[in-house]
Amino acid sequence: MSLTTSTKFAQPLPLNTTSSRSKEHKLLFEPFRTNTFLGSTHKLRCFNSLSKSNLHRRSAIVAVSDVVKEKKSKSSTNLLITKEEGLELYEDMVLGRAFEDMCAQMYYRGKMFGFVHLYNGQEAVSTGFIKLLKQEDSVASTYRDHVHSLSKGVSARAVMSELFGKATGCCRGQGGSMHMFSKEHNVLGGFAFIGEGIPVATGAAFSSKYRREVLKEADCDHVTVAFFGDGTCNNGQFFECLNMAALWKLPIVFVVENNLWAIGMSHVRATSDPEIWKKGPAFGMPGVHVDGMDVLKVREVAKEAIGRARRGEGPTLVECETYRFRGHSLADPDELRDPAEKAHYAARDPITALKRYMIDNNLVTEQELKTIEKKIDEVVEDAVEFADESPHPPRSQLLENVFADPKGFGIGPDGRYRCEDPKFTQGTAHV
Amino acid sequence: MWGTVRQRLGGYSAYYSLQRIGLGHLLNSSKCYSSEAAAAKKMTVREALNSALDEEMSADPKVFLMGEEVGEYQGAYKISKGLLEKYGPERVCDTPITEAGFTGIGVGAAYYGLKPVVEFMTFNFAMQAMDHIINSAAKTNYMSAGQISVPIVFRGPNGAAAGVGAQHSQCYAAWYGSCPGLKVLAPYSSEDTRGLLKAAIRDPDPVIFLENELLYGESFPVSAEAVDSSFCLPIGKAKIEIEGKDVTITAFSKMVGYALKAAEILAKEGISAEVINLRSIRPLDRATINASVRKTNRLVTVEEGFPQHGVGAEICTSVIEESFEYLDAPVERIAGADVPMPYAANLERMALPQVEDVVRAAKRTCYRSV
C-alpha cells in the first residue's frame, strides 16, 4: 500500500481568505489535519479560496493561477497545454455546446421529446476530465449525459439519433436522453435517479481492481469517473460509496458538478455544509475544490486525481464549481435563479476563456478556431440530418433485449444456452 | 440431466413416443421414474447452497460473493461457511451495512463482466436496494439495446421465518415477478436449490434467488447427478412433484412441503392431487400449469405472500386465459393473510397458510362439480 508516495499536487499555499461562515468552523473542520496514514493528502489544497456561503462566488479568474505556475513545467514554456491539446479541448467543448444548442432547437420543433437536460456552461468539467481518459476507462453519468457521451467518443450521429428515438441511436432508441450507454466507449449510462450512477461507477472501479488482483490481469489499471451534481451529495448512496471506495481503495474519481441548483432547490438551502469537497476527508480520501468554468484548471486537477487512481492510491473527491446556463431541463421555466447570477457566470463562459487564453498566449490564431467552429457546425447538422433520415425502431424491436438469454431458459451444464439444444422444448419460457 | 432421463425411459424410443403424444414438455420436469436413482445421500438446503456456491466460485474466477457477514461470520445463516478461507477476502467481500451502495457496486461490476452474487441478509433489506435491482440491473440490457448485460445474482432468505415480526417476514416473489428484465427463482428441495443456484450464477441476466430460512436446515434426498458439479436445472421450468388426476396444487418454496403433506392427506380421502413445484416465478412455466389443469380440471394455488396481486393471481389469470373451458370449479387461491405479519405465535400461525387450509381448498374444488 503506497501510503507514503507523495502525489505531485501543488505545494501548499497559505489559505489566504476565509469566508465569514468558515471562520468559526475553521478549527473544527480544518481539512488538512487528516490522519497521517492518508499519505500526502495534506499537500492537497483547494486552489481557490473557500466560497462564501450564500454570497457571490469569486470574480472571473484567468486561466493560469499561482498554484499551477509553481508546478514544474515539462515544456520549455510555462503554458499548461500544447497547441494540439488546446485545439482538442476547444473542439470538444464547442462540440458539446453546439450539440446542446441544437438539441434545444430540435426539442422545440418537436423532434425530441420527454425529458432533455442540457449541459451548456459545464463543458469544462466534461472536457477537462474525459479527455484525459483512455478508451478502456469508464464514465458514469446522470441524466445530463449527452456531453459526457460525446467527450468519451460516442459519435454525434449516434447520440442525436438516440435522442430522436431512432433505431440508429446508440441504444437503438430504447434508452433515450437520460440513458446513454455505450459498451464500446465504456459509457456506463445515463441514470435518471440521482445517485444511482455512483454505486455503479464504484462497481466498475471494483471490477478493475478485481481484474488486477484476482484475475491477475496485471495491466488492468482502468479508472472510472463518476459525474454527479450538488443535489446528489445529500443522498445516502453517495456517502455509502465514498466509504466503500476509500475502504477498498478503488480506482475511481468522484466528480461533483456543483452548479448550485438542483432543479429549483438552491444548494445552500438544501445542504447543512455547502462545501462538498470537505466530505472527502471525512471518509479518508482527498477532497479538492476547483473552478469548473476553467478547463485548464480542471484538467490539472483531473490529471492528478486520475493519476492517483491509476497508481492504486485510491479515490478522490473533486468538487467543480460550475453553472448551467439553461434551466434544469427544457421543460424548466428557470424562474428562481437571479439574472445577475446568470450574467455573472455567462461572463465566465469556459469556451470564451479558453479561446482568450490560447490567443493571448499565441498558441492559435482566430482563423484556426473559426475553422473548428465551422467544422463542428457541420458535424452537428450532419448528425441532425442523419437522425432525421434514420428509421424508427421496427415493431419487432419492442420485445427484444429484455434478457441477454434469448429464450429465458438459462444456461445448461454444457455451457451453452439451453434453448440452443434442439432437444429442449420449443417455445419461449415466457408467453 | 438429459442423460439420466433417457436412461430412465429406456432409450430414445420412449422419448420420442412421449413427444408424439404431445407431452414432450413433461420430459423436462425431472420425475422420479425409478427407484434406482433413489438417493442414499441426503443433503440439507444449507449444504446445497454452500456446495453450489463453492463449485461455481472454483469453476469461474469471475464469480464473487458480496454481502453482510458473508466472510468472517461465515454467513448470517452460515450459508457461506468456509468460503472465506478457501477464496480469500477479495472474492468473499464483507460489506458495511449499505444495501443500496453494495448492490449498486455489484451491478457496476456486473456491467464489466464480473459475476457477483449479492447476498441480502433477508429480502426485506433488499428494499433499500430496490432502485439498483430494478433500475440499474433489470432494465439495463433493454435500455442499452443489448450492449450491457448484467450477470448478477441476488440471493437471500425470503418470506416468513418464525416470530420475526412484520418487517422481517414479507414475501417478495410477486413484486419481483412482475418486473421484466428479472428472472425470479424459488427453490424448494436441496436438488432444486443446487440446480437453480448454479443455473442462476451461470446466467447472463439478473436473477433473484428466493430462499427460505426455515428450509435451510431441512434435509432432502439428492440423486447422484445432482451432486455432480456440472448439474444445473433449466430456468422457467416447473417440476411436477407428484402426479395426480383430481386437482392441481401449485406452490413454491416452503409451501411445496405443505402442498405435499396436503396431497398425502387428500390421497387418504380418495382425492388424487397433482403437486406442481413452480421453481421459477419469472419466467412462469405456464405450459406445465395449464397442461396440468387441463388434465385435472381444478386448481388450487398456494403461496405465502400477500394475496392481492400475488403469484396465485397471475396463475389464476393465466389458466383462465388459456384453459377456461377445462375448469370445473373456480380457482382457489391460498395466500398469507392480508395483514403485516403479527408477532404472537398463534396469530402468526393464522396469518400463514397451513396444511389444513390447502386440504380444505382442494376439497372445495372437488365438491363443486359442474
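Parameters and conventions
- Residues numbered from 1 in each chain as written.
- Chains lettered and ligands numbered in written order.
- Predicted model: local features only at pLDDT ≥ 70, side-chain atom pairs only at ≥ 80, totals over all residues.
- Heavy atoms only, no water.
- Helix = DSSP H or I, 4+ residues; strand = E, 2+ residues; numbered from the N terminus.
- Buried < 20%, exposed > 50% of the residue type's maximum accessible area, 1.4 Å probe, protein only.
- Contact = heavy atoms within 4.5 Å.
- Areas by Shrake-Rupley, 256 points an atom, 1.4 Å probe, with all protein chains shown as cover.
- Phe/Tyr/Trp six-rings, centres within 6.5 Å; stacked < 30°, edge-to-face > 60°.
- Lys NZ or Arg CZ within 6 Å of the ring centre and 35° of its normal.
- Arc of directions from axis to C-beta.
- Polar contact = N/O pair within 3.5 Å; in protein donor to acceptor, adjacent residues only side chain to side chain.
- Patch = residues over 30% accessible without salt bridge, like charges linked within 9 Å, V, L, I, M, F, W, Y side chains within 5 Å.
- Salt bridge = Lys/Arg side-chain N within 4 Å of Asp/Glu carboxyl O.
- Lys, Arg positive; Asp, Glu negative; His and termini not counted.
- Charge placed at Lys NZ, Arg CZ, Asp CG, Glu CD.
- Axes fitted to C-alpha atoms, helices over the stretch in contact; angles between N-to-C directions.
- Parallel < 35°, antiparallel > 145°, perpendicular 65-115°, else oblique.
- Left-handed = near helix turned anticlockwise from the far one by under 90°.
- Buried area = accessible area lost by both parts, 1.4 Å probe.
- Nonpolar A, V, L, I, M, F, W, Y, C, P; charged D, E, K, R; others polar.
- Pairing = 2+ DSSP bridges.
- Expected span 1.5 Å × (residues − 1).

1. Focus on the overall build of chain A
In step 1: Along chain A, the regular secondary structure elements total 14 helices and 9 strands.
In step 2: In chain A, which comprises 431 residues, the share counted as buried stands at 56%.
In step 3: For chain A, long-range pairs separated by at least 24 residues make up 74% of all intrachain contacts whose partners lie at least 6 apart in sequence.
In step 4: Carbon and sulfur atoms make up 54% of the accessible area of chain A, which amounts to about 18,300 Å² in all.

2. Considering the environment of Arg202 of chain B
In step 1: Mapped onto the fold, Arg202 of chain B is located in helix H9 (residues 190–202).
In step 2: Each residue touching Arg202 of chain B, except ones within four places of it in the same chain, is listed here: Ile411, Gly412 and Pro413 of chain A together with Glu56, Lys115, Ser229, Ser230, Phe231 and Cys232 of chain B.

3. Some remarks on the packing of aromatic side chains
In step 1: Applying the stated criterion across every chain yields a total of 21 aromatic pairs over all chains.
In step 2: Note on Phe228 of chain A and Phe254 of chain A: the rings are 6.4 Å apart at their centroids and 70° apart in plane angle, and the pair reads as edge-to-face. Linking Phe228 of chain A in strand E4 (residues 224–229) with Phe254 of chain A in strand E5 (residues 252–258), this pair joins segments that are 26 residues apart in sequence.
In step 3: By the ring-pair criterion, three or more aromatic residues cluster together here, those being Phe102, Phe120, Phe123, Phe154, Tyr172, Trp175 and Tyr176 of chain B.
In step 4: Lying across the ring of Tyr73 of chain B, Lys78 of chain B places its NZ or CZ 4.1 Å from the centre.
In step 5: The side chain of Lys183 of chain B reaches across the aromatic face of Phe403 of chain A, ending 4.7 Å from its centre.

4. Some thoughts on helix H13 (residues 350–360) of chain A
All names here are of chain A.
In step 1: Listing the buried residues of H13 in full gives Pro350, Ile351, Leu354, Tyr357 and Met358. All buried residues of H13 project into a common sector of 130° when viewed along the axis, lining one side.
In step 2: Of the surrounding secondary structure, the elements contacted by the buried residues of H13 are helix H3 (83–108), helix H4 (123–130), helix H11 (295–311) and helix H14 (366–389).
In step 3: Where H13 begins, the side chain of Asp349 points an oxygen toward the backbone nitrogen of Ile351, at a separation of 3.0 Å.
In step 4: Asn362 lies just past H13 and shows a positive phi near 55°.

5. Remarks on a negative patch on the surface
All names here are of chain A.
In step 1: A surface patch of like charges, here negative, comprises Asp377, Glu381, Glu385 and Glu389.
In step 2: Tracing the sequence through the fold places Glu389 in helix H14.
In step 3: Note on Glu389: relative accessible area 63%, which makes it exposed.

6. Observations concerning the packing of H3 of chain A against H4 of chain A
All names here are of chain A.
In step 1: Orientation of H3 relative to H4, taken along the N-to-C sense of each, is 135°, at an axis distance of 9 Å. Here H3 lies oblique to H4, going by the angle between them. Note that H3 runs across H4; the crossing there is right-handed. Of the residues in H4, those touching H3 at Leu89, Asp92, Met93, Gly96 and Arg97 are Glu123, Ala124 and Thr127.

7. Describing the interface of chain A and chain B
In many reports, interface size means the accessible area that the parts give up when they come together.
In step 1: Listed by partner, the interface residues are 59 residues for chain A and 63 residues for chain B.
In step 2: When chain A packs against chain B, the two sides together hide about 4,900 Å² of surface, and 64% of this comes from carbon and sulfur.
In step 3: Where chain A packs against chain B, one counts 1 salt bridge.
In step 4: With a closest N to O distance of 2.7 Å, Lys183 of chain B and Asp405 of chain A form a salt bridge.
In step 5: The interface formed by chain A and chain B holds 24 residue pairs in polar contact (both at pLDDT 80 or more) in total.
In step 6: Mapped by element, the contributors of at least two residues to the side of chain A that touches chain B are strand E2 (181–182), strand E3 (187–188), helix H7 (197–213) and helix H8 (236–247) of chain A.
In step 7: The biggest single contributor to the side of chain A that touches chain B is H7 of chain A, with 10 residues.
In step 8: Here the side of chain A that touches chain B is built from residues that sort into 29 nonpolar, 18 polar and 12 charged.

8. Details of the packing of H3 of chain A against H13 of chain A
Residues and elements named next belong to chain A.
In step 1: The interhelical angle for the contact between H3 and H13, taken along N-to-C directions, is 155°, at an axis separation of 10 Å. In terms of orientation, H3 and H13 fall into the roughly antiparallel class. Both H3 and H13 take part in a crossing whose hand is left-handed. Where H3 approaches H13, its residues Gly86, Leu87, Leu89, Tyr90, Met93, Val94 and Arg97 are matched on the opposing element by Pro350, Ile351, Leu354, Lys355 and Met358.
In step 2: Split by residue class, the contact of H3 with H13 holds 9 nonpolar, 1 polar and 2 charged.

9. A look at the sheet that holds strand E12 (residues 280–282) of chain B
Residue and element names in this part refer to chain B.
In step 1: In space, the 7 strands of this open sheet follow the order E3-E2-E4-E5-E7-E6-E12, with mixed pairing throughout. The sheet terminates laterally at strand E3 (92–94) and E12, the two strands that pair on one side only. Taken pair by pair, the neighbouring strands of this sheet meet at an average axis angle of 20°, ignoring direction.
In step 2: Sheet topology places strand E4 (residues 115–119) next to strand E5 (residues 153–157); 3 bridges connect them, and they run parallel. Bridged to Val117 within E5 is Val153.
In step 3: Contacts from helix H5 (residues 99–111) reach strand E2 (63–67), E4 and E5 within the one sheet, and its direction differs from that of E4 by about 165°.

10. Points about H9 of chain B
In step 1: Its 13 residues give H9 of chain B an end-to-end C-alpha distance of 18 Å, which sits within 8% of 18 Å, the value for a rise of 1.5 Å per residue.
In step 2: Where burial is concerned, most of H9 of chain B is hidden: 13 out of the 13 residues are buried.

11. Here we look at the pairing of E2 of chain B
For a regular strand, side-chain orientation follows a simple rule: the groups alternate between the two sheet faces.
All names here are of chain B.
In step 1: Of all 5 residues making up E2, 5 are buried, and the element is well covered by its neighbours.
In step 2: Neither face of E2 is open: one carries Val63, Leu65 and Gly67, the other Phe64 and Met66, and all of them are buried.
In step 3: By the bridge criterion, 5 bridges tie E2 to E4 in an arrangement that is parallel. Residue pairing in the sheet places Gly67 in a bridge with Glu119 of E4.
In step 4: Examined bridge by bridge, E2 and E3 share 3 bridges and lie parallel to one another. By the bridge assignment, Met66 is partnered in E3 with Cys93.

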